Protein chains: 2
Amino acid sequence: LRRPLKVLQFGLGPIGLAAARLVLEKPSLELAGAVDIDPAKVGKDLGVLLGIGPIGKKVYASLHDLPARSRPDAALHCTVSWLEEAVPQLIELASRGIAVVSSTEELLYPWWKYRNLAARLDRKAKRMGIAILGTGVNPGFVLDTVPLVLSGACTRVDRIRLERVVDAGTRRMPLQRKIGAGLSVEEWTRRARAGRMGHAGFVESVALVAKGLGWELSSITERLHPAIAEQAHRTEYLRVEPGQVTGIHQTCTGRFKRREVIHADLQMYVGAENPHDRIVIEGSPRLDIRFEGGVAGDAATAAMLVNMVPLVAKAEPGLKSILDLPMPRFLGGSAA
Amino acid sequence: LRRPLKVLQFGLGPIGLAAARLVLEKPSLELAGAVDIDPAKVGKDLGVLLGIGPIGKKVYASLHDLPARSRPDAALHCTVSWLEEAVPQLIELASRGIAVVSSTEELLYPWWKYRNLAARLDRKAKRMGIAILGTGVNPGFVLDTVPLVLSGACTRVDRIRLERVVDAGTRRMPLQRKIGAGLSVEEWTRRARAGRMGHAGFVESVALVAKGLGWELSSITERLHPAIAEQAHRTEYLRVEPGQVTGIHQTCTGRFKRREVIHADLQMYVGAENPHDRIVIEGSPRLDIRFEGGVAGDAATAAMLVNMVPLVAKAEPGLKSILDLPMPRFLGGSAA
């Protein structure tokens, strides 16, 4: 029997906490401790933060403080959405020879927007002999990995249409804030212009699908609109009045020459009806599949991250996309 | 730009012909010729057999007759369903250093039923530096690969239920014969007892899913029943009268201790209504997806075989399952 892989939880936000909790359930993984910058968490026992009582693993303020003997094989990196902010953290993890599975949305497929940063991460990972992967559920699963796998049964693919409708009212507070629920249209627009409003990683999903299909896209265009409330909604965290913004409607289109070959449509707002995910592959055979109710974001993202750990830990060194690795699958009972 | 991979078509039945046709459409693949034992095909131009006119590639009676200069990188092996019959062919291909993607249903996951044969193939493949993979659509995609990928987003998997309903009346003649459509119940039962009636590779699908989830099954049980016609049906190839067999109802159950953890249900008969594929993952999140109309068998099987060629050609040597390889995806325009 192989020894369990030692996993460092890097970042203890909602996703990070869910991932750490999941690591504890896996016989083939062992929690090596955690890193978080929140002074309210540093020094605490990780098990106490997870609500299961002391487990003898502490939260450290930085990698620097991590005891030398803890020597993690892999880190679950769950901090920021944007690649530029994540890079110093990823480099630091790589420098210590720790493989990385990250929820940073822009790391899903960084070669489209950030060719140089991607090359830098790849060089570092290769030099240190570890693999780095960005993954999750959206991006990382419903609108990219699953359609790619489905396309494997196609003799011809003409166009891919992706659709995700999320009732943000059922999701956690940071998400409801991120989509601007409860803002006036003016305020929403001001913040959207300042950037970083809406769903991160959309362009990366489309770029990943194109790469997987061997399509060289000419362009990827993203659009973001506010969804406006027709009636009042109240969530656990906020209120939305009629006429206020209730969330986002975001689209992302990949074109080859002038032809639209990938179109992804995301509606994420408080009060969205019939939440679901849908994948349509126009081609032969035409495939049309639907996840009734949709694939819940946070828990499923933590699952993807943790399930990928053994595959990333034994991957060839370098910055990877999911195209380079064995397919995701639930990490079950016995050692991997 | 890399040179195209040279692909040998081994076996020119309906799947083999469809696969060879598809190879011709792929810029990253090149057809190196074909092998088939049918005297009516040997010596013919492969393009003529495919109905597209001469392409300067011939059909040979055996690998032995293949010109030395043709040196294929990979073979699409499309001959038989049963592993024991396929092994001599696979060994012969491996001996020549040709990687193999095979439609042999029992090759999908041969370690459950044929541990020794699998070990022998693995040794041979490693010695010759090539990879061997069994794949297809069923088995190989709808009831194994797709549920495995979906499970990647789960924090917990309790049980997997799989369901495939195929209207055999829309399928090719060998399939209608294989399920015994138009036979009396007595004759069907006699042939079923002699073995080799029904869908091959079902046990292998269940074994592959279990392996992917890290579940050590205690048993896999397969059951085969005739579906009886309530009304008359007429297909392009045969007639079914009321009271006669119209096809099969086959189930396959994987148990851990006494608990049923994987249950697959296949109904394949002339006149089946609402053909579809359905995957239910009981767990968290619960996933329930449906392919409306189902995933058509033959074309999709040819697609899976051809789409996997570049991934198998560059895989580590050995006998592989799809769990060892990057995930399937449509093989598109540019070189792989």
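From a predicted model like this one, the values you see are computed outputs, not experimental measurements.

About the thresholds
- One numbering rule holds for all chains: residues counted from 1, following each sequence as written.
- Written order determines the labels here, with chains lettered from A and ligands numbered from 1.
- Predicted model: local features are reported for residues with pLDDT of at least 70 only, side-chain atom pairs are reported and counted for 80 or more only, and whole-chain, interface and lining totals are derived from all residues.
- The side-chain figures draw on all heavy atoms in the structure; neither hydrogens nor water molecules are used.
- Any carboxyl oxygen of Asp or Glu within 4 Å of a side-chain nitrogen of Lys or Arg constitutes a salt bridge here.
- A run of H or I in DSSP counts as a helix once it spans at least four residues, and a run of E counts as a strand once it spans at least two, with each numbered from the N terminus.
- Think of it in three bands: residues with accessible area under 20% of the maximum for their type are buried, residues over 50% are exposed, and the middle band is partly exposed, with areas taken using a 1.4 Å probe on protein chains only.
- Least-squares fitting of one copy onto the other uses the C-alpha atoms of those residues that reach a pLDDT of at least 70 in both copies.
- Residue contacts follow a heavy-atom distance rule, with two residues in contact if any of their heavy atoms lie within 4.5 Å.
- Take the accessible area each of two parts loses on contact, using a 1.4 Å probe, and add the two losses: that sum is the buried area.
- Pairs of N or O atoms within 3.5 Å make up the polar contacts considered here, provided that, within protein, one atom can donate a hydrogen while the other can accept it, and that residues adjacent in sequence are counted only when both atoms are side-chain atoms.
- Each residue gets one of three labels, nonpolar for Ala, Val, Leu, Ile, Met, Phe, Trp, Tyr, Cys and Pro, charged for Asp, Glu, Lys and Arg, and polar for the others, Gly among them.
- The patch calculation keeps residues exceeding 30% relative accessible area without a salt bridge and links them within 9 Å when they carry like charges or within 5 Å when they are nonpolar (Val, Leu, Ile, Met, Phe, Trp, Tyr).
- Working definition of accessibility: Shrake-Rupley area with a 1.4 Å probe, residue cover restricted to the visible protein chains.
- In this analysis an axis means a line fitted to C-alpha atoms, helices contributing only their contacting stretch, and an angle means the value between N-to-C directions, from 0 to 180 degrees.
- Each angle is binned into one of four classes, with values under 35 degrees roughly parallel, values over 145 roughly antiparallel, values of 65 to 115 roughly perpendicular, and all other values oblique.

Asker: Talk me through the pattern of salt bridges; I want residue IDs and the actual numbers.
Answerer: Residue and element names in this part refer to chain A. If you walk through the whole model with that rule in mind, you get 34 salt bridges over all chains. Residue Asp 122 is joined to Lys 126 by a salt bridge in which the shortest nitrogen-to-oxygen separation is 2.8 Å. On the criterion of helical spacing, the pair formed by Asp 122 and Lys 126 is a turn pair, its members being four residues apart in helix α4 (residues 115-128). In this structure, Arg 164 and Asp 277 form a salt bridge, with 2.9 Å as the shortest nitrogen-oxygen distance. Within this pair, whereas Arg 164 is found in strand β7 (residues 156-167), its partner Asp 277 is found in strand β13 (residues 276-284), the two being separated by 113 residues in sequence. With respect to burial, Arg 164 and Asp 277 carry one shared label: buried. The network of salt bridges with common partners includes Arg 159, Arg 161, Glu 260 and Glu 282.

Asker: Could you give an account of the relation of the copies chain B and chain A, with specific residues and numbers?
Answerer: When chain B is fitted to chain A, the residual RMSD is 0.0 Å, and the transformation amounts to a turn of 180 degrees plus an axial shift of 0.0 Å. Those values place the two copies in the arrangement expected of a two-fold rotation axis.

Asker: So what's going on with the interface of chain B and chain A? Which residues, and what values?
Answerer: The interface of chain B with chain A comprises 48 residues on the first partner and 48 residues on the second. Together, the buried faces of chain B and chain A total about 3500 Å²; carbon and sulfur atoms form 67% of this surface. At the boundary of chain B with chain A, the tally comes to zero salt bridges. Counting the contacts that link chain B with chain A gives ten residue pairs in polar contact (both at pLDDT 80 or more). Secondary structure elements with two or more residues in the side of chain B that touches chain A: α1 (14-25), α5 (145-151), β7 (156-167), α8 (202-213), β14 (287-292) and α9 (297-313) of chain B. Along the lines of polarity and charge, the residues of the side of chain B that touches chain A split into 29 nonpolar, ten polar and nine charged.

Asker: Residue-level account of a nonpolar patch on the surface, with values.
Answerer: Residues and elements named next belong to chain A. On the surface, Leu 24, Ile 52 and Ile 55 cluster together into a nonpolar patch covering about 230 Å² of accessible area. Tracing the chain through its elements places Ile 55 in the loop between α2 (46-49) and β3 (59-60). Judged by its relative accessible area of 30%, Ile 55 falls in the partly exposed class.

Asker: Before we move on, can you summarise the packing of helix α3 (residues 83-95) of chain B against helix α4 (residues 115-128) of chain B with the specific residues and values?
Answerer: All names here are of chain B. Taken N-terminus to C-terminus, the directions of α3 and α4 make an angle of 10 degrees; their axes are 9 Å apart at the nearest point. In terms of axis orientation, α3 runs roughly parallel to α4. Of α4, the residues touching α3 (which contributes Leu 83, Glu 84, Val 87, Leu 90, Ile 91, Ala 94 and Ser 95) are Leu 117, Arg 120, Leu 121, Lys 124 and Met 128. Its residues assigned to classes, the contact of α3 with α4 comprises eight nonpolar, one polar and three charged.

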